[in-house]
Amino acid sequence: MNLRFLETFVWLAKLRNFRLTAEKLHTTQAAVSSRIATLEQELGVRLFDRGDREVTLTLEGSKALAYADRLVRTTHEMLESMKDRALYTGVVRVGVIESIIHSWFPELMARIHRVYPQLEIELAGDTTIRLIDQFSKGNLDLILQTDSVLGADVQNMPLCDFPMRWFGAPRLNLHGEVLTLADIAAFPILSFSRNSGPHRFLERLFDARVGRPVHINCMTSVSAMIRLVVDGFGLAMIPPAIIQRELADGDVRLLQIDAEMPNMSLVCSYRSGPETPLFQQIASVAQQTAQDFARGLPGDVVRMPAADVAGDPWTLAPPAHKEI
């Protein structure tokens, strides 16, 4: 049985569209249709019900998919284990958030290039919400961000944790005292993109502990947020790991707050499938790069990840005591 035909079957079952499958496999819709027809003839069953815009698996198709997926994955794993990494070619589409771009991502790119010199990385920088959306649509192969992605065909690998702290410009003269959340709320608040984990956390935090609405300025650009903090526009809860240069130059100051902030947990999510071994190897390189970066910084700046990447790190914990 032709491995290429089985791989076409697996991808059509996932994408449910002949055009998308053809684009994924760099072939034509006619070739995809021909491969599926040949498979159906060999197996003696109809694998798909054809609709106007998409196809769906038949009962026999669902049964065959489990075997085909296992055969394709096992064959690719065998071929990958025998392959010289220096000979890898093709394009891997990687999505990454700015917090990683501003910390250990340049080193990751250098390591990938050393290990896979012929591999082309197509990079997309965006927010976690948008990256997960593009990943779910099949437009990205691997994403480095903050939330685990749920799905039977998705793997999540923990990278490292970025503790979150409050920062402000030196000219605001706030770094010499312990501030309450009410003190913080008196200034413009800068945060990550709307509906992101940090933004949701701050909304709940201020609502629960300050007792009045607090306007939060959401920004999709981490660079712009850091720039506004340096210029004294407002205060921001951001990871110290991504502003090491600004801290060293004295452009921002760490603020002491009477409340504990969560960690930003970084995760690599990649899709299971024929290319799983390559994606898994790149994820492992990302994990090693992140953890090497963590070891090179103070313990309160970066931490090793927990083994389990499930759960929401942005859940607001109850206060340790009742505020008066």
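Preceding block: the structure.
Residues numbered from 1 in each chain as written. Predicted model: local features only at pLDDT ≥ 70, side-chain atom pairs only at ≥ 80, totals over all residues. Heavy atoms only, no water.

With that settled, consider the sheet that holds strand E12 (residues 253-257). Backbone hydrogen bonds hold the strands of a sheet together, and the pairing may be parallel or antiparallel. Reading across from one edge, E8-E12-E7-E11-E9-E10 is the order of the six strands in this open sheet, with mixed pairing throughout. Pairing within the sheet leaves two strands with one partner each, and these edge strands are strand E8 (178-179) and strand E10 (216-218). When strand E9 (residues 189-191) meets strand E11 (residues 235-238), the two strands line up parallel, connected through two bridges. In the strand pairing of E11, Leu190 is matched with Ala236. (Pairing = 2+ DSSP bridges. Helix = DSSP H or I, 4+ residues; strand = E, 2+ residues; numbered from the N terminus.)

Our focus in this paragraph is helix H6 (residues 105-115). For an α-helix, 3.6 residues make a turn, and residues three or four places apart therefore share a direction. Taken together, the buried positions of H6 are occupied by Phe105, Leu108, Arg111 and Ile112. Burial along H6 is one-sided: seen end-on, the buried residues are contained in an arc of 115°. When the buried face of H6 is taken as reference, the exposed residues oriented beyond 90 degrees from it are Pro106, His113 and Arg114. (Buried < 20%, exposed > 50% of the residue type's maximum accessible area, 1.4 Å probe, protein only. Arc of directions from axis to C-beta.)

Okay, the packing of helix H1 (residues 3-15) against helix H3 (residues 29-43) next. The interhelical angle for the contact between H1 and H3, taken along N-to-C directions, is 105°, at an axis separation of 9 Å. Considering their axes alone, H1 and H3 lie roughly perpendicular with respect to each other. Along the contact surface, H1 presents Arg4, Phe5, Leu6, Thr8, Phe9 and Leu12, while H3 presents Val32, Arg35, Ile36, Thr38 and Leu39. Of the residues belonging to the contact of H1 with H3, the class tally is seven nonpolar, two polar and two charged. (Axes fitted to C-alpha atoms, helices over the stretch in contact; angles between N-to-C directions. Parallel < 35°, antiparallel > 145°, perpendicular 65-115°, else oblique. Contact = heavy atoms within 4.5 Å. Nonpolar A, V, L, I, M, F, W, Y, C, P; charged D, E, K, R; others polar.)

Moving on: the pattern of salt bridges. Taken as a whole and judged by the stated rule, the model has 14 salt bridges. Between Asp141 and Lys24 there is a salt bridge, with its nearest N and O atoms 3.4 Å apart. Of this pair, Asp141 sits in the loop between helix H7 (128-136) and strand E5 (142-145) while Lys24 sits in helix H2 (residues 18-24), and the two are 117 residues apart along the sequence. Judged by relative accessible area, Asp141 falls into the buried class, the value being 5%. Sharing partners across several salt bridges, the network here consists of Glu107, Arg111, Arg114, Asp292 and Arg295. (Salt bridge = Lys/Arg side-chain N within 4 Å of Asp/Glu carboxyl O.)

The five strands are arranged E4-E3-E5-E13-E6 in an open sheet whose pairing can be described as mixed. Edge positions in the sheet fall to strand E4 (120-125) and strand E6 (154-163), since each has one partner strand and no second. The sheet shows a mean angle of 15° between the axes of neighbouring strands, direction not considered. Taken together, the eight bridges between E6 and strand E13 (residues 263-271) define a ladder with antiparallel strand orientation. Across the sheet, residue Met157 finds its bridge partner in E13, namely Cys268.

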